Amino acid sequence: MTNLADYVFTNMPAHLTPLEAFLDPVTQDELDEISVGAGWRCLDLAAGGGSVTAMLSQRVGPAGRVFAIDQDVHMLTPGPNVEIHTQDLGTDEPLPVDGSVDLIHARLLTHHLPNRREVVHRLAGTLKPGGWLLLGEFVRTPPRVLAAATEADADLYRKVMDTLFNVLAAKVDIEWGHQVHMEMVAAGLTSVRTRWHSETFTGGTHGCRLVANNVSQKRAELVAAGLAPEEVDTFTEKLMYNPALVVRSYEFCSIRGQRPE
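Residues numbered from 1 in each chain as written. Predicted model: local features only at pLDDT ≥ 70, side-chain atom pairs only at ≥ 80, totals over all residues. Heavy atoms only, no water.

A. Main features of the overall build of the protein chain. Within the protein chain one finds eight helices and ten strands. Taken against the 2.2 N^0.38 rule, which gives 18 Å for 261 residues, the C-alpha radius of gyration of the protein chain at 19 Å falls within 12% of a compact globule. If you line up the protein chain on its principal axes, its C-alpha atoms span 55 × 35 × 30 Å. When burial is assessed residue by residue, the protein chain has 53% of its 261 residues classed as buried. Intrachain contacts of the protein chain at a sequence separation of at least 6 include 77% that bridge at least 24 residues. In the structure as shown, the protein chain presents an accessible area of about 11,000 Å², 52% of it carried by carbon and sulfur atoms. Charge-centre separation for the protein chain: the mean point of 22 positive side chains lies 2 Å from the mean point of 33 negative side chains. (Helix = DSSP H or I, 4+ residues; strand = E, 2+ residues; numbered from the N terminus. Rg over C-alpha atoms; globule rule 2.2 N^0.38 Å. Buried < 20%, exposed > 50% of the residue type's maximum accessible area, 1.4 Å probe, protein only. Contact = heavy atoms within 4.5 Å. Areas by Shrake-Rupley, 256 points an atom, 1.4 Å probe, with all protein chains shown as cover. Lys, Arg positive; Asp, Glu negative; His and termini not counted. Charge placed at Lys NZ, Arg CZ, Asp CG, Glu CD.)

B. Quick look at the packing of aromatic side chains. Inspection of every chain in the model, using the stated rule, returns seven aromatic pairs. Their ring planes at 20° and their centres at 6.2 Å tell us that phenylalanine 22 and phenylalanine 138 sit as a pair that is stacked. Here phenylalanine 22, found in helix α1 (residues 13-34), pairs with phenylalanine 138, found in strand β5 (residues 127-139); they are 116 residues apart in sequence, far enough to count as distant. Seen in terms of ring centroids, phenylalanine 165 and tyrosine 250 are 6.3 Å apart; in terms of plane orientation they differ by 85°. Their pairing is edge-to-face. Taken together, the positions of phenylalanine 165 in helix α4 (residues 151-169) and tyrosine 250 in the loop between β9 (246-248) and β10 (251-258) put the pair 85 residues apart, joining distant regions of the chain. We note that phenylalanine 165, like tyrosine 250, is buried. The ring of tryptophan 176 is capped by arginine 116, whose NZ or CZ atom sits 5.7 Å from the centre of that ring. (Phe/Tyr/Trp six-rings, centres within 6.5 Å; stacked < 30°, edge-to-face > 60°. Lys NZ or Arg CZ within 6 Å of the ring centre and 35° of its normal.)

C. Region of the structure containing the nonpolar core. Formed by 37 residues in total, the largest nonpolar core has its most connected members in Tyr157, Phe235, Met240 and Tyr250. Only α1, α4, α6 (206-217) and α8 (229-237) provide two or more residues apiece to this core. Membership of the second largest hydrophobic core comes to 27 residues, among which are Leu43, Leu123, Met184 and Cys253. (Core = buried A, V, L, I, M, F, W, Y, C linked by side-chain atoms within 4.5 Å.)

D. The arrangement of the environment of glutamine 58 in detail. With respect to the helices, strands and loops of the structure, glutamine 58 is situated in helix α2 (residues 51-60). Along the sequence, glutamine 58 and methionine 240 sit 182 residues apart, while their C-alpha atoms lie 34 Å from each other.

E. How the structure looks around α4. Under the 1.5 Å per step criterion, the end-to-end length of α4 is 27 Å for 19 residues, consistent within 8% with the ideal 27 Å. Structurally, α4 contributes buried residues whose contacts are with β6 (145-147), α6, α7 (219-224), α8 and β9. (Expected span 1.5 Å × (residues − 1).)

F. Highlighting the side chain of aspartate 44. Here aspartate 44 shows up in strand β1 (residues 41-45). Buried charged residue aspartate 44 carries no salt bridge. Nearest counter-charge: arginine 107, at 7.4 Å. Polar side-chain contacts of aspartate 44 include one of 2.6 Å to the side chain of threonine 53. Setting aside anything within four residues of it in sequence, one finds aspartate 44 in contact with Val52, Thr53, Leu56, Phe67, Ala68, Ile69 and His105. (Salt bridge = Lys/Arg side-chain N within 4 Å of Asp/Glu carboxyl O. Polar contact = N/O pair within 3.5 Å; in protein donor to acceptor, adjacent residues only side chain to side chain.)

In structure tokens, the structure reads:
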């Protein structure tokens, strides 16, 4: 079982809104390439704030169906072609879908699950012939500063981000995203492809607001790991809102594979 407390970050608008602004364009591109369309049956796992559920609902239309699943569904909105289900995806409980599906999407889910490899195989087996599995995960990259008002600001950014990733690595496998590709191959999927995405985050924009929220959520653990409380507060309250700061974003792995016809 995977408790909500086991997840790295808590779902809240301050986290999900900038996260969606960062990742939704990447997911949209993937759905375009897969050609998700009218009449498709789709699973959106760990649906969070529901932005991908809404994308899928619009694409599949009244003849299609979207099953949105999460442990915490308070931010999800049902619709004529959307079913919402509460489920711990880290268990062997059957998925609440009758029959196979055309698409399974899960973003920032599987790295939390101790049975992540088995889950990939299970999801692959839920697809219709020709159906697609689309997973996305963050992976660790060295913090890179492109511009900062002072060298002290750049040093603080690198120090806090290194500590944040060390804290996260104690809870989840932050290299898992690099392993998903071959796990999909092992699960029998074809046309497997991984795309890595990163961009610049500028102080005050959605990307730095996302990082600020993530660091705020882990404040106690970061202080326990050696950061001074004033370093964390300066980072979250000032540095992340300074437009002179430009950094490399989190790196996101988007991995897809197709069940053979």
